[in-house]
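Examining the three-dimensional arrangement
Spelled out from the first residue to the last, the chains are:
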Amino acid sequence: MITARAAATFEPVGRSVAAARAFVRDTLQGWGFPDVIDDAVVLTSELVTNAVVHAGTSADVLCVRTDAGVRIEVSDRYPERELPLQTPTRQFGGLDREGGRGLMLCTALAACWGVEYGATQKKVWFRLDLDDRPAGTRSAGPALPVEALPVADPRVRVAVVQIDGTGGISAWNDDAAHLFGYTADQVTGKPLADLAAWPHTPGTSTGIAEALRLSRWEGSYGIRGADGRVIPVYASHLRVRDNEGAPSTVCLLVRDEERAVLQSPPRSSGADASTDRGTAADPFEVFIGSPAPDDLDGLLQRTVERARDMLDGDAAYLLLATDDETELEVRASTGLPSARQRFARVPVEAGTGRYGSARLPSVHDDLNAVPGAVPLLTDTGLRSVVTVPLKVEGRLTGSLGVAAEAPHRYGNEEALRLQFAADRIALAVESARLGELERLRRGSLSFLVEASDLLAGTLDRDQTLALMAQMTVPTLATWCAVYTIADQSSEPELSYVLHEDEDLIDGLKALLAKVAPPDPVPTPGARIWTAPARAAHSEALRSSLRSVGLTDVPESSPAPGVSLTTAAAVGGETVVLPLVARNRVIGMLTLGKPTDDHFRQEIVELAEDLSRRAALALDNARLYSERTAISQSLQRSLLPPGLPDVPGVEVDVIYRAAGEGNEVGGDFYDLFPIRDGAYGFAIGDVCGTGPEAAAVTGLARHALRLLAREGFGGPAVLERLNAAILDEGARSRFLTLLYGELWPQEDGSALLKVVCAGHPLPLRLRPDGTVEPAADPQPLLGVMDDLELYEQPVTLDPGDVLLCVTDGVTERREGSRMLGDDGLADVLATCTGLNAGAVSARILRAVERFAAEPPSDDMAILAMRMPERPTE
C-alpha cells in the first residue's frame, strides 16, 4: 500500500547527480527511513549517473513509500539503449569498467529490482525493505536470494600487508600471495601504489599514497595481479607505531564483493571518534584529515571541499578577513563559476538585518527571495546557503559557506554542524595565515630594498620608467602603465606600457591611448579604475560585430582576435596609485589584472610602498635630465658652431667632454677669420668646472674674437683677456691658453705667430718624422696683473703638421704612468704622411688605449696640416 510519493526531474548535467542524491536523502529522512538512506543514495547516484552522463538525457526520480519499505524509480529518455543484463555468458562489469556497476550494486543492496522499457523512456527501479533487525545488531543489509549472493573462494581470504615508514611493503601474508599472485619476495620493499591499477578511490580525491599516511582509512581501489588482471579490493588501513616508535601502516584487503567482512558500520554524527588507545581524536584532524596540509592554500582548499561534502552541497567557499575586518577576500572555493575568483572582496557588513553580517551564522532558504543577501553568490544559480564565521579570541578572521542549487536545503542543524567544524579549524587557519603574512612581509621588505637599489642606480628618466614597470610585472600585476605629468598645467601622458606577454603590449598600448587617463588625485593610496576594462569589453564587442559583418570595418581596426585577447588581458581589476614627489603629483602608476582576477590587500599595500619610492626616483631623474639639458646647452654655446674653411690648410678638431652629463666649463677651442687672409685659432683650459668655469670659458672665447678683429696682436689680446678675468674677482679662474694667428701663403706654406700662456706646447711634425715644440712656455692668465707676453713666429712648410692639445691628453694616467709630452711626441712621430683628420684620430686612439679606465678629464685636439705639393 502506497502511503507517500515524491518526484523530481534533473537536467542532463553533472551536478544533477549530487542534486538527486540530496533529493533522495531528504525524502527518506523526512519519511523516517534512516536505515536505508545510505543504500538508496548509492543506488540512486549510480542510476542517475547512467541517465544524465551515459544516456545524456534528463532523469526522473520517483520515491514511493509503502508499509514495508521504499521503492525508487529512475527514468531516462533513451529507451533504445538497453542495459547489459547478466546472463551465464555475460557478467556485469568490474569496478575497473566504465559501465555495469549500478546493476551490480542493485543486485547486492536491493531487495529486488527491475527494468521497464517504454516507447519514450526506460525505467530502472529497486526496492529496499525495512526488515526487523535483531537486538544488538550494529548494521545489516537486506536479505538476498542465494543466487544473488556474491561468489567467493572456498574460504574468505584477508590479505594483510604491512607498509613501513618509507612507503614500501614490509610484510605480505599467504592470503595476499593467493589473491594477487605475488610472493612476499617479489613485492617486499616496493610501494603499494606500484601495484595499484588506479591511483585513488573512484569519486574521491584521496590517493593511495595519501591514504597510507592517514590514521585510519577505508575505501576501494584495484590491485593489478601477477597475471595482469585488475582485482577490485576493499581496504581498511590503520596507522600504528612499532616498539621503537617508527610509524607503519597495516592494510587489510578483501575482494570488493566481500567488503562486508571489513567495512565499518556507519557512525552517528554525534559519536566521538577515538583512537585504539581510547584517547579522544583531534577534532581538527577528524574534519581535515591527517596529515593536514602544511600550506595555507592547501588547508583552505581542503576545508571547503570537506565542508561541501559534509553538507552534501554544490559549492563551498572560504573568505579571510582583512586586517581592519571591514572586507573579506575569497581565498578558496569549489563549485563556483570563474567570475568568483580568488581575492575578490565582499563587505563584512552587507546589510542591517541579523543575517546581513559575516560576524554571525546565517541560513538563507532561498536567495531568490532576498537578492543580494550574499553578494558572492549573485547570478550563480545557487539558491540556499549556510554561512558561519571563523573567529579567534572573539575576533573575526574569516567566513565559511556552503551552498546548494535547490532551495530550502539548509537549516539550523546544518548551521550548527558547520559552525562546529569552523570552530575546530579557525585557529589553524589563522596560524597559517599569520605565517603566510610573515613570509609575505619578509619578501616585501626584500623586494623594496632591491627596488630602491635599482631606482637609485639610475638618473635617466626613460630607464626609471622602464624599471618601474619591470619591477611590477609580473611580480605584482599582469600589466602596468605609467602616466607622467610634465607640470601642473599639463595633462597626464601615457609614457610606458608593459604586459607579461610581450605580444599584447601593442594592443594594450593602443587600447589605453583611447581611454582618458585617470585623474591626478594627490590622495595617497590605491583606487579602482574601471575605464580600461569597460573600453576593452566595448572594443571586443565591436570587433565581434565586425567579424560577423554587422558593422562597417574601418581599415585601421585590429583583427577580432587581437581585440578579444586584449579584452581578456585587461578585463580584470585595475588600480591606480598616484606618484607624488615634493608635494606634487608627477604621474600615476596603473596596475591591472586579466579578466575576473583581483588584487589581494598585501599586494596593493606593497605597490603603494613601491609607488612612493618610484615617484621620488622619477622626480630626481626629471631634475637631473633638466640639469643635464641645461649643462649640454651651455656647453654647446661655449664651443664654436663650426670651423671655417682655411685655404691651403687642412684643419681637424676633436673635443671630448669627460663625466656623465658633460659638465659645463673645462676645455675649449676656436678657429675664426680675423680679416682677409688671416685667421685666429685658440685652444685653452679653464681651471675647474661648473658655472664659474663656464663664465671664464665664455668670456675667453668671445673676448679673443672681439679683440683680434679689432686689430690687436696676440700679446695685446691675451693681456686684455687677463685683465678681464681678474676683474671677475672671486668668480675668476686661471686659464691656460694657446693663441695664434695664421696666414696661408701662395707657395703652400703658412706663417704663424703663437703665444703659449701656460698651456701645453704646440708640437710641429716635419715630413721626415722630426717632432719639435713650436713655441716657448709663458705665464698663464688669471693669476697676476702685469703680464709681459710675446709672440713667436712659426713657418709651416708643405707636409708639416701643427698639433695643439689640452692637458687632458698629456696628463692621461695609468697608475703611476703618464703619457706626458714625450709620449705625445712619440705618437705624433708615427703620423707622417697622414692628413689632419687621421692625425687627430690617431692621437685620440693612443690616449684612450693608454689606460683601461675611461678618461677622467676633458680633451681637445686641434691639428693643422699643410698639404704637400705634387712634384712635377
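Residues numbered from 1 in each chain as written. Predicted model: local features only at pLDDT ≥ 70, side-chain atom pairs only at ≥ 80, totals over all residues. Heavy atoms only, no water.

So, the sheet that holds strand E6 (residues 159-163)
Here five strands make up an open sheet; going across it, the order is E7-E6-E10-E9-E8 and the pairing antiparallel. Taken across any chain shown, the strands that pair with only one partner, and hence form the sheet edges, are strand E7 (169-172) and strand E8 (216-224). Strand-to-strand twist of the sheet, defined as the mean angle between neighbouring strand axes without regard to direction, takes the value 30 degrees. By the bridge criterion, five bridges tie E6 to strand E10 (residues 247-255) in an arrangement that is antiparallel. For valine 160, the partnering residue across the bridge sits in E10 and is leucine 252. (Pairing = 2+ DSSP bridges. Helix = DSSP H or I, 4+ residues; strand = E, 2+ residues; numbered from the N terminus. Axes fitted to C-alpha atoms, helices over the stretch in contact; angles between N-to-C directions.)

What about the nonpolar core?
Grouped together as the largest cluster of nonpolar side chains are 51 residues, with contacts concentrated most on Phe681, Leu718, Leu721, Leu735, Leu737, Leu752 and Leu781. Sorting elements by how many residues they give to this core places helix H15 (residues 690-709) first, with seven residues. Residues Ala469, Ala477, Ile603 and Leu606 belong to the second largest nonpolar core, which totals 33 residues. (Core = buried A, V, L, I, M, F, W, Y, C linked by side-chain atoms within 4.5 Å. Buried < 20%, exposed > 50% of the residue type's maximum accessible area, 1.4 Å probe, protein only.)

Describing the confidence of the model for the protein
Chain-level pLDDT for the protein is 81 on average; 83% of the residues reach the 70-or-more range. Confidence drops under pLDDT 50 across residues 199-205; counting only partners more than four residues distant or on other chains, this segment forms twelve contacts. Across residues 267-281, confidence stays below pLDDT 50; counting only partners more than four residues off in sequence or on other chains, it has nine contacts. (pLDDT = per-residue confidence, 0-100. Contact = heavy atoms within 4.5 Å.)

Topic: the environment of leucine 789
Here leucine 789 shows up in the loop between strand E28 (771-773) and strand E29 (792-796). Each C-alpha atom, one on leucine 789 and one on glycine 714, is 8.5 Å from the other, the two residues being 75 residues apart in sequence. Among all residues touching leucine 789, those that are not within four sequence positions of it are Pro715, Leu718, Glu719, Val755, Gln778, Pro779 and Leu781.

Let's talk about the sheet that holds strand E20 (residues 574-581)
Across the sheet, which stays open at both edges, the five strands sit in the order E18-E17-E21-E20-E19 with antiparallel pairing between neighbours. With one partner strand each, in any of the chains shown, strand E18 (493-499) and strand E19 (527-528) form the two edges of the open sheet. Sheet topology note: the E19/E20 ladder contains two bridges and is antiparallel. Counterpart to isoleucine 528 in the pairing with E20 is valine 575. Taken strand by strand, helix H10 (residues 461-472) contacts strand E17 (479-484), E18, E20 and strand E21 (584-592), and its axis lies near 40 degrees from that of E18. Packing against the sheet, helix H11 (residues 505-513) makes contact with E17 and E18, and its axis sits at approximately 150 degrees to E18.

Some words on the pairing of strand E11 (residues 315-321)
Here E11 lies mainly inside the structure; seven of its seven residues are buried. Residues Ala315, Tyr317, Leu319 and Ala321 of E11 are buried on one face, and the alternating residues Ala316, Leu318 and Leu320, pointing to the opposite face, are buried as well. Both E11 and strand E16 (residues 395-404) contribute to a ladder of six bridges, which runs antiparallel. Bridged to leucine 318 within E16 is leucine 400. Note: E11 against strand E12 (residues 327-334), six bridges, orientation antiparallel. Bridge assignment links alanine 321 to a residue of E12, and that residue is leucine 328. Two successive antiparallel strands, E11 and E12, enclose a turn made up of five residues, where glutamate 325 displays a positive phi of approximately 60 degrees.

Notes on the side chain of serine 58
As for its position among the elements, serine 58 is in the loop between helix H2 (37-55) and strand E2 (59-66). For serine 58, a relative accessible area of 16% gives the class buried. For serine 58, the residues in contact, after removing those within four places along its chain, are Thr9, Phe10, Glu11, Pro12, Ser75, Asp76 and Arg77.

Thoughts on the packing of aromatic side chains
In this structure the tally under the stated criterion is four aromatic pairs. Taking 6.2 Å as the distance between ring centres and 80 degrees as the angle between the ring planes, the aromatic pair formed by tyrosine 483 and tryptophan 529 counts as edge-to-face. Residue tyrosine 483 is located in strand E17, and its partner tryptophan 529 is located in the loop between E19 and helix H12 (531-547); the two are separated by 46 residues in the primary sequence. Their ring planes at 45 degrees and their centres at 6.1 Å tell us that tyrosine 655 and tyrosine 669 sit as a pair that is tilted. Note that tyrosine 655 is positioned in strand E22 (residues 650-656) and tyrosine 669 in strand E23 (residues 665-675), a separation of 14 residues in sequence. Using a relative accessible area of 12% as the deciding quantity, one classes tyrosine 669 as buried. For arginine 424, the ring lying beneath its charged end belongs to phenylalanine 420, and the centroid distance is 3.9 Å. Sitting over the ring of phenylalanine 850, arginine 817 keeps its end group 4.4 Å from the ring centre. (Phe/Tyr/Trp six-rings, centres within 6.5 Å; stacked < 30°, edge-to-face > 60°. Lys NZ or Arg CZ within 6 Å of the ring centre and 35° of its normal.)

Considering unusual backbone geometry
Proline 474 follows valine 473 through a cis peptide bond whose omega is 0 degrees. With respect to the secondary-structure elements, proline 474 resides in the loop between H10 and E17. Not every positive phi belongs to a glycine, and arginine 582 is a case in point at roughly 55 degrees. Inspection of the secondary structure puts arginine 582 in the loop between E20 and E21. At asparagine 583, a residue that is not glycine, the phi angle is positive and equals roughly 60 degrees.

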